[in-house]
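A structural walkthrough
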Amino acid sequence: MTAHVVNLVVSGVFHASILFLVSAGLQVVFGVQKIFNLACGSFYALGAYVGVSAVAWYAEAGGPPALFILPLAIAGVAAGALGVVVERGLLRFVYDRDETFQLLLTFAVVLMMEDAIRMTWGTSPRSTAGLYLTYGGVHVLGTTVPVYNLIVIGASLAIAVLIGWLLTHTAFGCIIRASADNREMAEALGVDMRRLYAKVFTLGTALGTLGGALVIPATAAMSEMGIELIVEAFAVVVIGGLGSMRGAFVGALIVGVLRSIAISVYPELEMLLIYLIVIAVLVLRPRGLFGGAPA
Amino acid sequence: MLTVDALDVFIQASHILRSVSLDVGPREVVCLVGRNGAGKTTTLRTIMGYLRPHAGRVEFRGQPIHGRRTHEIAQLGVGWAPEDSGIFADLTVAENIEIATWTRSGGRPAAERIALAYRVFPMLRRYAARKGPELSGGERKMLSIARALALDPEMLLLDEPFEGLSPAIIPAVSAGIAAITELGHSILIAESNIHHVPESTRRLYVIERGTIVFAGAAQDAWRDPSLTRIIGSAA
Ligand SMILES: Nc1ncnc2c1ncn2[C@@H]1O[C@H](COP(=O)(O)OP(=O)(O)OP(=O)(O)O)[C@@H](O)[C@H]1O
Ligand SMILES: [Mg+2]
């Protein structure tokens with residue numbers, strides 16, 4: 001019984017770690033640019049595929065298997081460069097448009113990227129066969145927990161702390177919080193919104209692609225994985241509160257663990273359970289647990 | 001320092017400013033006085049680059065700035081304290097002031113600029129750790145002006161610095177503006193209440209329905225009966 005609970009919690013928190021990365025990207029972009037970026041799911045999928053390729057290339061080049069997480073993470077972060085292209089090439093034309101229009105545009109990006117991924121990597125699932133167990137497992141309360149999961153959980157926690165520190169203790173973070181609150185005033189103090197938007201969107205994209213890269217040793221990359229993740233990330237931000245980093249953290253934990261429980265108890269009801277919570281939050285606390293709170 | 005020449009501004013289809021001209025010299029304090037809806041904010045927002053003039057020019061230190069983006073105008077040295085103060089709610093008082101030193105570097109060192117902002121509004125020092133929503137209207141106005149000053153600008157645009165303030169706090173804001181005047185900045189103040197026009201104001205413009213109806217010395221404005229109807233009498 002305890003072994004079962006440990007497994008549930010670890011796999012739930014592992015998934016929450018990934019969800020947090022993607023949702024944090026969604027939140028920082030929403031906070032500053034006021035765009036709900038559905039394409040964060042596609043960035044996640046892209047990160048996964050780029051991660052698979054990077055690891056395959058690394059193995060072929062004869063890199064030590066124990067260090068595979070390095071090329072994986074580097075490739076994940078580097079794939080974030082696509083953010084600049086999407087922001088400068090597409091999004092910047094729609095900042096003054098209706099929110100519905102912006103949402104449709106980011107959805108168009110989702111669909112286009114899904115096809116682009118199929119064209120580049122094919123339609124069959126891709127995985128980093130075997131690497132997951134390179135780091136082995138540790139025995140905890142009668143069960144074996146994969147060390148890789150613990151590494152990812154630790155990395156995600158470290159990133160959460162880093163983002164928190166960035167936002168509260170650096171000039172860049174202060175400018176982000178100020179611009180999220182009052183864009184016009186920030187401009188009157190000399191903030192170049194075009195550059196800030198490009199930076200913030202790239203940061204958001206890199207968080208998503210890194211999430212995708214890190215998840216991939218534990219699962220297979222599939223072209224639909226982006227859409228699935230958007231649905232969950234949407235639940236995370238509604239529960240946590242749009243634009244709030246703390247909300248992304250707590251929301252990801254709730255959704256991640258809940259999903260893991262649901263999958264083990266009633267796999268058919270996974271989404272139903274998560275969205276029951278979403279509806280409860282929408283009814284009882286329409287702005288989410290941390291809604292209106294600082295970025 | 002600042003020259004506004006024959007500005008015509010439309011907001012959507014309405015013609016809001018009609019051939020507005022004014023100028024502010026070095027170290028000069030100039031007031032733009034007018035009733036609610038006369039076009040004061042629109043004039044200042046056009047100077048700040050938020051609105052594009054349909055016709056006319058804005059020059060700052062000899063360079064045309066109409067058509068420049070707002071952050072460029074700020075970088076050139078124009079500080080802006082808007083009507084609603086525009087305090088960043090999520091930042092502390094200290095961060096609200098400090099941010100201006102990060103966004104525009106060069107010139108005087110940051111520590112000096114911050115110290116100056118507090119020297120002009122000493123009251124703010126006590127609230128350094130508070131956030132925007134915990135401040136009174138007067139404290140917000142002071143913070144807004146202090147922040148604009150921390151940008152180390154040559155020129156300040158203040159939109160109704162006394163609007164909505166309790167009589168108790170008005171002297172503190174006045175003293176701050178007087179201190180800034182001493183420092184040698186050029187200041188353009190929009191004001192709807194003639195009684196708030198600072199004593200150091202040498203020249204005054206009166207705006208009515210988007211048109212400048214008077215330009216000259218403050219005393220002359222008070223003697224003009226057609227103007228006292230618009231801006232109230234001095235007595
Ligand atoms: N966004 C807008 N859309 C339409 N009309 C506007 C807009 N902003 C301002 N106006 C109009 O422009 C005119 C001038 O407004 P402005 O805000 O410049 O006046 P003001 O002199 O600053 O007045 P107040 O003392 O109330 O601040 C007003 O008639 C106002 O209704
Ligand atoms: Mg006004």
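Everything discussed here concerns the structure shown above.
Residues numbered from 1 in each chain as written. Chains lettered and ligands numbered in written order. Predicted model: local features only at pLDDT ≥ 70, side-chain atom pairs only at ≥ 80, totals over all residues. Heavy atoms only, no water.

1. What about the packing of aromatic side chains?
Residues and elements named next belong to chain A. Counting across every chain of the model gives 11 aromatic pairs over all chains. The interplanar angle of 25° and the centroid separation of 5.9 Å between the aromatic rings of Phe68 and Tyr148 together place this pair among those described as stacked. Of this pair, Phe68 sits in the loop between α2 (40-60) and α3 (69-78) while Tyr148 is found in helix α6 (residues 147-169), placing the two residues 80 residues apart along the sequence. Phe68 gets classed as buried once you look at its relative accessible area, which sits at 0%. On the basis of relative accessibility, which here comes to 0%, the residue Tyr148 falls in the buried class. Between the aromatic rings of Tyr95 and Tyr197, the centroid separation amounts to 4.8 Å while the plane-to-plane angle is 70°, which identifies the pairing as edge-to-face. A residue pair is termed long-range when its members are at least 10 positions apart, and Tyr95 in the loop between α4 (82-89) and α5 (99-121) and Tyr197 in helix α9 (residues 193-215) qualify at 102 residues. (Phe/Tyr/Trp six-rings, centres within 6.5 Å; stacked < 30°, edge-to-face > 60°. Helix = DSSP H or I, 4+ residues; strand = E, 2+ residues; numbered from the N terminus. Buried < 20%, exposed > 50% of the residue type's maximum accessible area, 1.4 Å probe, protein only.)

2. What about the sheet that holds strand β2 (residues 14-24) of chain B?
All names here are of chain B. Within the open sheet, the 4 strands sit side by side as β2-β1-β4-β5. Their pairing is antiparallel. A single partner strand is all that each edge strand has here, and the edge strands are β2 and β5 (63-64). Of the strand pairs in this sheet, strand β4 (residues 55-60) and β5 are connected by 2 bridges, and their pairing is antiparallel. Bridge pairing in β5 links Phe60 to Gln63. (Pairing = 2+ DSSP bridges.)

3. Let's talk about the nonpolar core
For soluble globular proteins, nonpolar side chains are generally found buried alongside one another. In terms of nonpolar packing, the biggest core is built from 164 residues, with B:Leu2, B:Ile97, B:Leu124, B:Leu157, B:Leu188 and B:Leu204 touching the most fellow members. The greatest single-element share of this core, amounting to 11 residues, is contributed by helix α1 (residues 2-33) of chain A. Excluding anything up to four places from it in sequence, B:Leu2 contacts B:Leu22, B:Asp23, B:Val24, B:Ile47, B:Val58, B:Glu59, B:Phe60, B:Met155 and B:Leu188. (Core = buried A, V, L, I, M, F, W, Y, C linked by side-chain atoms within 4.5 Å. Contact = heavy atoms within 4.5 Å.)

4. Comments concerning the site of ligand 1
Residue and element names in this part refer to chain B. In the region of ligand 1, 13 residues are neighbours, and Gly37, Lys40, Thr41, Thr42 and Glu83 sit closest. Here Ala38 contributes a backbone N or O atom positioned 3.2 Å from an oxygen atom of ligand 1. In the environment of ligand 1, an oxygen atom lies 2.8 Å from a nitrogen or oxygen atom belonging to the backbone of Lys40. If ligand 1 stood free it would expose 630 Å²; the protein chains cover 61% of that surface. Among the elements that line the shell around ligand 1, the one with the most residues is helix α1 (residues 40-47), at 3 residues. (Near = heavy atom within 4 Å. Polar contact = N/O pair within 3.5 Å; in protein donor to acceptor, adjacent residues only side chain to side chain. Areas by Shrake-Rupley, 256 points an atom, 1.4 Å probe, with all protein chains shown as cover.)

5. Here we look at the side chain of A:Glu232
By the secondary structure assignment, A:Glu232 is in helix α10 (residues 225-240). Discounting chain neighbours no more than four positions away, the residues touching A:Glu232 are A:His15, A:Leu19, A:Val255, A:Arg259, A:Glu270 and A:Met271.

6. Quick word on the coordination of the magnesium ion (ligand 2)
Residue and element names in this part refer to chain B. The coordination sphere of the magnesium ion (ligand 2) contains the protein donors Thr41 (OG1), Glu83 (OE) and Glu83 (OE), at a distance range of 1.9 to 2.8 Å. Here Glu83 lies in the loop between β6 (78-81) and α3 (93-103) and Thr41 lies in helix α1, a separation of 42 residues in the sequence. Look at Thr41 and you get partly exposed, because its relative accessible area is 22%. (Donors = N, O, S within 2.8 Å, 3.2 Å for Na, K, Ca; no water.)

7. Overview of the packing of α6(A) against α9(A)
Residue and element names in this part refer to chain A. At a closest axis distance of 11 Å, the pairing of α6 and α9 adopts a crossing angle of 170°. One way to sum up the angle between α6 and α9 is to call them roughly antiparallel. The two elements α6 and α9 cross, and the hand of that crossing is right-handed. Between α6 and α9, the residues in contact are Tyr148, Val152, Ile159 and Ile163 and Leu207, Leu210, Ala213 and Leu214, respectively. Taken together, the residues of the contact of α6 with α9 sort by class into 8 nonpolar, no polar and no charged. (Axes fitted to C-alpha atoms, helices over the stretch in contact; angles between N-to-C directions. Parallel < 35°, antiparallel > 145°, perpendicular 65-115°, else oblique. Left-handed = near helix turned anticlockwise from the far one by under 90°. Nonpolar A, V, L, I, M, F, W, Y, C, P; charged D, E, K, R; others polar.)

8. What about the sheet that holds strand β7 (residues 155-159) of chain B?
Residue and element names in this part refer to chain B. What the 6 strands build is an open sheet, ordered β6-β7-β8-β3-β9-β10; its pairing is mixed. Edge strands, defined here as strands with exactly one partner in the open sheet, are β6 and β10 (211-217). The mean angle between the axes of side-by-side strands here comes to 15°, regardless of whether they run parallel or antiparallel. When β7 meets strand β8 (residues 186-191), the two strands line up parallel, connected through 5 bridges. Bridge pairing in β8 places Leu158 opposite Ile189. Along the sheet, helix α7 (residues 170-183) makes contact with β3 (29-33), β7 and β8, crossing β8 at roughly 150°.

9. Some points on unusual backbone geometry
Residue and element names in this part refer to chain B. We note that Gln12 has phi near 45°; this positive angle belongs to a residue other than glycine. Within the secondary structure, Gln12 sits in the loop between β1 (2-11) and β2. You can call Gln12 exposed: its relative accessible area is 78%. Of note, Arg61 is a non-glycine position whose phi angle comes to about 50°, a positive value. Structurally, the position occupied by Arg61 is in the loop between β4 and β5.

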